[in-house]
Number of protein chains: 2
Amino acid sequence: MQNGSVIKRRDLLALIGTIAGSSAMYHAMTSLGFASESAYRGPLKLEGNPKGASVLILGAGLAGMTAALELRKAGYKVHILEFNSRPGGRNWTIRGGDSFVELGGFKQTCEFEQGLYINPGPWRIPYHHRALLDYCRRLNVTLEPFIQLNHNAYMHATRAFNGKPQRIRSIKADFRGQVSELLAKVTQQGKLDEAVSKEDQEILLQSLRTWGALDRDYKYSANLNASEFRGYARDPGGGLSADPLPSDPISLSDLLRSQLWRYLQAFSRYNFQTTMFQPVGGMDMIGKAFAREVGDLIRFNAKVTQIQQNGSGVTVSYVDTNNPAGVQQAAADWCICTIPLPILSQLPIDVGTPMKNAIDSLPYAASVKVGLQFRRRFWEEDEAIYGGVSFTDLPIRQIGYPNYDFNRNGRGILLGGYLYEGANSFEFTAMTPAERVKSAVEFGAMIHPQYKDEFETGVAVAWHRVPFTLGCAGEWTDAGRAQHYRNLCQIDGRILLAGEHASDLPAWQEGAILSSLDAITRLHERVVKT
Amino acid sequence: MQNGSVIKRRDLLALIGTIAGSSAMYHAMTSLGFASESAYRGPLKLEGNPKGASVLILGAGLAGMTAALELRKAGYKVHILEFNSRPGGRNWTIRGGDSFVELGGFKQTCEFEQGLYINPGPWRIPYHHRALLDYCRRLNVTLEPFIQLNHNAYMHATRAFNGKPQRIRSIKADFRGQVSELLAKVTQQGKLDEAVSKEDQEILLQSLRTWGALDRDYKYSANLNASEFRGYARDPGGGLSADPLPSDPISLSDLLRSQLWRYLQAFSRYNFQTTMFQPVGGMDMIGKAFAREVGDLIRFNAKVTQIQQNGSGVTVSYVDTNNPAGVQQAAADWCICTIPLPILSQLPIDVGTPMKNAIDSLPYAASVKVGLQFRRRFWEEDEAIYGGVSFTDLPIRQIGYPNYDFNRNGRGILLGGYLYEGANSFEFTAMTPAERVKSAVEFGAMIHPQYKDEFETGVAVAWHRVPFTLGCAGEWTDAGRAQHYRNLCQIDGRILLAGEHASDLPAWQEGAILSSLDAITRLHERVVKT
């Protein structure tokens, strides 16, 4: 934000503000990319006549339904083929009564209490995912905050602190405090004299004292000031039992060796910063909202078997999964294919070598999510943990607390494990669903001993065994992206790909939508030119 | 958490766990004060027979209604006198159609759209306010998250960055990054050799690189890694327009001199850490929930004029504010007085010198809150700010964004100023309500230029002019607390005081409730002994 081009834009904006008023200025700010850094520039306007062109869309996930919604609005004839019997794809919520079958034949039927759910796929929406948020607004999807950082949740390392989970607030405050004390010390010793001016050193010391909760002597120590960040041994109270007691900070060496500092960045990242959202009632409220608009265009239970094209159009073969004997065909002038690459790479498809190589090159991340129902919300009642995530080096990696029904009596669902990449994801994928649930309960009990008494039922989704994706999301390397990404996204004859795999936001719903908007914008340019 | 007594408790807990199972262990953990550091130990159990004793409670705020609810349950005869025509006291929400008069005679009638509101008093509930949260659960008050830290809100200093507001995420990431770079540099130069072992220095360098988003050379610089914390110049996107662009960090010197680091602690403090809450629909849902339980005990519009006691009971004189001619009297065996001290200090009250001095000693903080209605939610639409608070050195100090109706079209209410202590609070208190609103709009427009076009109507509450408190909350100094606090809380004959002023959580609703619970516990002990 400090570079020359921005300053020039600012001068321009000031001028616009002076001449035309603040609303015009803000409109200009948005147009100039000032107010938002997102690539999304508001509802898509496809100008020009598609002259009756038809588009066949493969997949009724968010990418496919975005394309359908916008292309129909622009005057195209649109149809969608969808493998599942529901819209949304990985935009998916599992509730009591739902059943699903994974590769290998294991069938799970969810036994959660009415009103409780787990999102096995995407579960959170960052504030800067402007396209997704705009569709939520336009399609009347009600949102509520998703808590990513909960200061009272835990960080846990098997080999640190005798395996006792530590409150995030304490690790966070202690790391900052210890670092501040160290830097204050070398500042006072004159060891920054080469790097920082004397005047700035004075302000630096003040800022470290404030920021790091240091005492008068620039020490981070057991006192009420440090406790006001890391938490107290006894909280302030009322009446004659009001006096608080300070807690004892963890030493720098213990902190460093615990490795718990590795988790501190998890909630500072752009994708995980406040304010995050989730749809009220489950992530699939978004897929359902899209389907209210374009559901009439979707043919469900349609398994694509071949994608052919020639100079005049595209022909897609598919079978009805309820009646797989007869192969059917659908044809259109153009095809937008959002089929996940682990599946698409197994299909015969008439595209050139660059796109085919790109399709075949991209591995998908292994990921497993486990949803566990408990008799009571012990994490709130016993431990004052409301939403957010605990981090652990156990194979389950994370425990996610529900961000709805806060502070109520009764049952609740934990995300009992969220494995992403790594050997443990493959190990859990290799297990039966029942084994995954059992294992998540056993590991989780090392953090929450109440698991043993309170656990009731669970489901486990291993994305490598989910028939409609065979993986969680595209796992690009820098080298793979440099070699294949643009070939994947180019129009190949009459075929375009879209989805999170064709974006620089892999695994995010925003990536799927922005990929789709970019693809249909380019398609439309070509159509109106010809 | 590292001291001897805790380790002993832990050994005991392990033993209980082994013998009696995890539920018994957790019950014991709570009893031993392990699971929660709060003074609150679950619903109050007052055992023993009060033998028909009566208690007159002055004030139907949270302290008074807590006392009424628990004492009636324990068998006391209870009555409440309340100055206002509504329950709750400072637990107060202003909606369209509400009107109120302040000292000086200014009457305001709120013209907010139906469904929109402002909480002029308390507006947030920390996760560790266990007593308040337990009452919310027991009284069926639905809660939703209150966003305190919004990374995309602003920090603003009039004399820094040419007065341009900076995104909190950038200041937060840059301060951490610059501090990490400095400390990494001196570590590499061997300047920590006296203070930190070589082995720990190695881990320290790794941790600073991760935590501070440093590059391979331990520099904090303009690259995609730093942007993943401070935000991008252009966000990652989809298709062929996917490439992100890094943003430029602010230099250490500019950061230090901006003084914006002063605000960084505002959301790390124990009282402001995630997860925070607000009641759905307005803070007064709590007062109303209490009133559903004890409303039948409240005499509204009762202005206390004198509090007398002798060896056998208490007699309180009051006037009906709608008919102030005749003085009435209420009598009981005991009195719990929750009247704010700026008012109580002006009343004749039969208590000893120590309590009277304590009552007279406590100044109340000056505070002003301004609620502003805007035609559209431009902070969300234009600036992607959903909830949370922007901080500024302008007299308005804070702009609070609504934590409800996220991402919807239509009107919204901003907290257009939250002044607490300081000269600006007194200046705003001295203005007429209309001047306060006008001033808040003018200052706010320096951060959000859209104010000028979008502002519709506002209300402003200056707590020093609110007739039922004459101040916002007790403002204890360490010296004042040492001299007077215990005298304020002791039972004086048949009179006890309760409220946030009689707690170590001044200005917090939890302080009022814990103070009340402590007071009635001591009262009950005395009653059952006699």
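This structure is a prediction, so every number in the text was calculated from the model and none was measured.

What counts as what
Residues numbered from 1 in each chain as written. Chains lettered and ligands numbered in written order. Predicted model: local features only at pLDDT ≥ 70, side-chain atom pairs only at ≥ 80, totals over all residues. Heavy atoms only, no water. Buried < 20%, exposed > 50% of the residue type's maximum accessible area, 1.4 Å probe, protein only. Helix = DSSP H or I, 4+ residues; strand = E, 2+ residues; numbered from the N terminus. Arc of directions from axis to C-beta. Contact = heavy atoms within 4.5 Å. Pairing = 2+ DSSP bridges. Least-squares fit on C-alpha atoms with pLDDT ≥ 70 in both. Disulfide = S-S within 2.5 Å. Buried area = accessible area lost by both parts, 1.4 Å probe. Salt bridge = Lys/Arg side-chain N within 4 Å of Asp/Glu carboxyl O. Polar contact = N/O pair within 3.5 Å; in protein donor to acceptor, adjacent residues only side chain to side chain. Nonpolar A, V, L, I, M, F, W, Y, C, P; charged D, E, K, R; others polar. Phe/Tyr/Trp six-rings, centres within 6.5 Å; stacked < 30°, edge-to-face > 60°. Lys NZ or Arg CZ within 6 Å of the ring centre and 35° of its normal. UniProt positions renumbered as here; feature names shortened; annotations may be inferred. Expected span 1.5 Å × (residues − 1). 1 Å grid on protein atoms, 1.4 Å probe; cavity = no way out; pocket = protein on both sides within 12 Å on 5 of 7 lines; lining within 4 Å. Points joined across faces, edges and corners; volume = space filled by probe spheres on them. Axes fitted to C-alpha atoms, helices over the stretch in contact; angles between N-to-C directions. Left-handed = near helix turned anticlockwise from the far one by under 90°.

As for helix H13 (residues 422-430) of chain B
Residues and elements named next belong to chain B.
Link 1 in the chain: All buried positions along H13 are accounted for by Asn424, Ser425, Phe428 and Thr429. For H13, the angular spread of buried residues about the axis comes to 140°, placing them on one side. Facing away from the buried surface of H13 by more than 90 degrees, the exposed residues are Ala423 and Ala430.
Link 2 in the chain: Where H13 is buried, its residues meet strand S17 (367-374), strand S20 (412-420), helix H14 (433-444) and strand S21 (455-462).

Looking at the sheet that holds strand S11 (residues 276-279) of chain B
The strands making up a sheet associate through hydrogen bonds between their backbones, and the pairing can be parallel or antiparallel.
Residues and elements named next belong to chain B.
Link 1 in the chain: The antiparallel open sheet is built from three strands, whose spatial order is S7-S11-S8. The open sheet has two edge strands, strand S7 (125-126) and strand S8 (143-146), and neither has a second partner.
Link 2 in the chain: Note that S7 and S11 share two bridges and pair antiparallel. Opposite Ile125, over in S11, you have Phe277 as the bridge partner.

A word on the relation of the copies chain A and chain B
Link 1 in the chain: Between chain A and chain B, the superposition needs a rotation of 180° and an axial shift of 0.0 Å, giving an RMSD of 0.0 Å. Read as a symmetry element, the transformation amounts to a two-fold axis. No C-alpha of chain A lies nearer the rotation axis than that of A:Leu183, which sits 3.0 Å from it.

Observations concerning the state of the cysteines
When the sulfur atoms of two cysteines share a covalent bond, that bond is a disulfide.
Link 1 in the chain: Counted according to the given criterion, the structure contains zero disulfides over all chains.
Link 2 in the chain: Free cysteine: A:Cys489, not disulfide-bonded; nearest cysteine sulfur from A:Cys337 at 13 Å.
Link 3 in the chain: Residue A:Cys489 is classed as buried on the basis of its relative accessible area, which comes to 1%.
Link 4 in the chain: The thiol of B:Cys472 is not disulfide-bonded; the next cysteine sulfur, from B:Cys337, is found 19 Å away.

Description of the interface of chain A and chain B
Link 1 in the chain: Chain A puts 119 residues into the contact, and the matching count from chain B is 119 residues.
Link 2 in the chain: Together chain A and chain B conceal approximately 10800 Å² of surface at their shared face, both sides included; 57% is due to carbon and sulfur atoms.
Link 3 in the chain: At the boundary of chain A with chain B, the tally comes to eight salt bridges.
Link 4 in the chain: Among the ionic pairs, B:Lys191 bridges to A:Glu194, the shortest N-O distance being 3.9 Å.
Link 5 in the chain: Linking chain A to chain B there are 42 residue pairs in polar contact (both at pLDDT 80 or more).
Link 6 in the chain: Its residues assigned to classes, the side of chain A that touches chain B shows 49 nonpolar, 36 polar and 34 charged.

Side note on the packing of aromatic side chains
Link 1 in the chain: Tallying each qualifying case throughout the model produces 49 aromatic pairs over all chains.
Link 2 in the chain: Aromatic pair B:Trp92 and B:Phe468: ring centres 5.9 Å apart, planes at 70°, arrangement edge-to-face. Highlighted residues: B:Trp92 in the loop between strand S2 (77-81) and strand S3 (94-95) and B:Phe468 in the loop between S21 and helix H16 (478-489), separated in sequence by 376 residues.
Link 3 in the chain: The buried category is assigned to B:Phe468, whose relative accessible area is 12%.
Link 4 in the chain: Aromatic rings pair up to connect A:Phe374, A:Phe378, A:Trp379, A:Tyr451 and A:Phe455 into one cluster.
Link 5 in the chain: A cation sits over an aromatic face here: A:Arg176 above A:Trp211, 5.8 Å from the ring centre.

As for the UniProt feature "domain: Amine oxidase" (unreviewed entry) in chain A
Link 1 in the chain: When the UniProt feature table is mapped to this numbering, "domain: Amine oxidase" (unreviewed entry) covers residues 62-519 of chain A.
Link 2 in the chain: Its end C-alpha atoms 13 Å apart, residues 62-519 of chain A is made of 32% helix and 22% strand.

Some remarks on helix H3 (residues 62-73) of chain A
Note on helix geometry: an α-helix contains 3.6 residues per turn, so any two residues three or four positions apart are oriented the same way.
Residues and elements named next belong to chain A.
Link 1 in the chain: An ideal rise of 1.5 Å per residue puts 16 Å on twelve residues; H3 measures up with 16 Å between its terminal C-alpha atoms.
Link 2 in the chain: Counting buried residues along H3, ten of its twelve residues qualify, which places the element largely inside the surrounding structure.
Link 3 in the chain: Residues of H3 that are buried: Leu62, Ala63, Gly64, Met65, Thr66, Ala67, Ala68, Leu69, Glu70 and Leu71.
Link 4 in the chain: A positive phi of about 105° marks Gly75, the residue just after H3.

Notes on unusual backbone geometry
All names here are of chain A.
Link 1 in the chain: Each neighbour pair has its own omega, and for Thr274 with Thr275 the value is 0°, a cis peptide bond.
Link 2 in the chain: Relative to the helices and strands, Thr275 is located in the loop between helix H8 (252-258) and strand S11 (276-279).
Link 3 in the chain: Positive phi, close to 60°, is recorded for Asp405, a residue that is not glycine.
Link 4 in the chain: Position of Asp405 among the secondary structure elements: in the loop between strand S19 (398-401) and strand S20 (412-420).
Link 5 in the chain: A positive phi angle is found at Ala507, which is not glycine, with a value near 75°.
Link 6 in the chain: Tracing the sequence through the fold places Ala507 in the loop between strand S22 (495-497) and helix H17 (509-529).

Overview of the pattern of salt bridges
Link 1 in the chain: Overall, the coordinates contain 58 salt bridges over all chains when judged by the stated rule.
Link 2 in the chain: Taking the shortest distance from any N to any O, the salt bridge between A:Asp200 and B:Arg257 comes out at 2.7 Å. Of this pair, A:Asp200 sits in helix H6 (residues 198-212) while B:Arg257 sits in helix H8 (residues 252-258), each in a different chain.
Link 3 in the chain: Here A:Asp382 and A:Arg376 are joined by a salt bridge, their closest N and O atoms 2.9 Å apart. One exposure class covers both A:Asp382 and A:Arg376, and it is buried.
Link 4 in the chain: Put simply, A:Glu70, A:Lys73, A:Asp134, A:Arg137 and A:Arg138 are held in one network by salt bridges that share partners.

Some remarks on empty space enclosed by the protein
Link 1 in the chain: Evaluated as defined, the whole model comprises eight cavities of 30 Å³ or more.
Link 2 in the chain: What the largest cavity holds in volume is close to 440 Å³.
Link 3 in the chain: Forming the walls of the largest cavity are 32 residues, and the residues nearest its centre are A:Leu149, A:Lys172, B:Leu149, B:His151 and B:Lys172.
Link 4 in the chain: Secondary-structure elements contributing two or more residues to the lining of the largest cavity are helix H5 (168-188) of chain A together with S8 and helix H5 (168-188) of chain B.
Link 5 in the chain: Partitioning the lining of the largest cavity into residue classes produces 17 nonpolar, eleven polar and four charged.

Focus on the environment of B:Lys45
Link 1 in the chain: Tracing the backbone through its elements, the reader meets B:Lys45 in the loop between helix H2 (22-31) and strand S1 (54-58).
Link 2 in the chain: With 25 residues separating them in the primary sequence, B:Lys45 and B:Glu70 have C-alpha atoms 8.5 Å apart.

Looking at the pairing of strand S15 (residues 323-332) of chain B
Residues and elements named next belong to chain B.
Link 1 in the chain: The sheet contact formed by strand S14 (residues 313-320) and S15 spans seven bridges and is antiparallel. Within S15, the position partnered with Tyr318 by the bridge is Gln328.
Link 2 in the chain: From the end of S14 to the start of S15, which pair antiparallel, there are two residues.

Focus: the packing of helix H11 (residues 353-361) of chain B against H16(B)
All names here are of chain B.
Link 1 in the chain: Look at H11 against H16: their axes get within 8 Å of each other, and the N-to-C directions meet at 120°. As H11 runs across H16, the sense of the crossing is left-handed. Of the residues in H16, those touching H11 at Pro354, Met355, Asn357, Ala358, Ile359 and Ser361 are His484, Asn487 and Leu488.
Link 2 in the chain: Grouping the constituent residues of the contact of H11 with H16 by class yields five nonpolar, four polar and no charged.

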